[in-house]
Amino acid sequence: MISNEYQALVEIHFDNEFKVTEILDQIRALCGVIIVNAESTQPLTDRKQKVLTKVKFYVFSSGVGYHVGKMVDKALTIDGIYAFRVRKIKSPKK
């Protein structure tokens, strides 16, 4: 099975009722995700915050676009997440 490592810059909007560490732990549980690093959080509204993260993940067989789409879909099912916006993806080093 062919796998490649990628890194994505992802902006996450989440509910204030949840700690950022809880949100990041849930993202780490997504298929193929190996590392999530976060910068400081910023308030959006009185109920929402945002955090910019670097997410490293493996893609097995399927294309990176398909895999990222599935990752976004699964991330949006996590309690407290309002948005999971992939800003940039770095290709694997060859």
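Residues numbered from 1 in each chain as written. Predicted model: local features only at pLDDT ≥ 70, side-chain atom pairs only at ≥ 80, totals over all residues. Heavy atoms only, no water.

A. Expanded view of the side chain of Q49. Within the secondary structure layout, Q49 lies in strand β3 (residues 48-60). Q49 sits in the buried class, given a relative accessible area of 19%. Here N16 takes part through its side chain, which lies 2.9 Å from a polar atom of the side chain of Q49. Side-chain polar atoms of Q49 contact the side chain of T41, separated by 3.1 Å. Sequence-distant contacts of Q49, defined by excluding residues within four places in its chain, comprise I12, H13, F14, N16, T41, Q42, P43 and L44. (Helix = DSSP H or I, 4+ residues; strand = E, 2+ residues; numbered from the N terminus. Buried < 20%, exposed > 50% of the residue type's maximum accessible area, 1.4 Å probe, protein only. Polar contact = N/O pair within 3.5 Å; in protein donor to acceptor, adjacent residues only side chain to side chain. Contact = heavy atoms within 4.5 Å.)

B. How the structure looks around the environment of K48. You can see K48 is positioned in strand β3. Take K48: its relative accessible area is 32%, and that puts it in the partly exposed class. The spacing of K48 and F18 is 30 residues in sequence and 9.8 Å in space, taken between C-alpha atoms. When residues no more than four places from it in sequence are discounted, the contact partners of K48 are F14, N16, P43 and Y82.

C. Representation of the packing of aromatic side chains in the model. This structure, assessed with the given rule, holds 1 aromatic pair. In this structure, K48 is placed above the aromatic ring of Y82, and the distance from its NZ or CZ to the ring centre is 4.6 Å. (Phe/Tyr/Trp six-rings, centres within 6.5 Å; stacked < 30°, edge-to-face > 60°. Lys NZ or Arg CZ within 6 Å of the ring centre and 35° of its normal.)

D. Highlighting the side chain of E11. Relative to the helices and strands, E11 resides in strand β1 (residues 3-15). A distance of 2.5 Å separates polar atoms of two side chains, one belonging to E11 and the other to H13. One polar contact links E11 to R87, side chain to side chain, over a distance of 3.3 Å. Filtering out sequence-adjacent residues up to four positions away, E11 remains in contact with K50, V51, L52, A83, F84, R85 and R87.

E. Fine view of the pairing of β3. Side chains of β3 alternate between two faces, with Q49, V51, T53, V55, F57 and V59 buried and K48, K50, L52, K54, K56, Y58 and F60 left unburied. Bridging between strand β2 (residues 33-43) and β3 involves 8 bridges; their strand directions are antiparallel. Note that in β3 the partner of I35 across the bridge is K56. Between β2 and the antiparallel strand that follows it, β3, lie 4 residues. (Pairing = 2+ DSSP bridges.)

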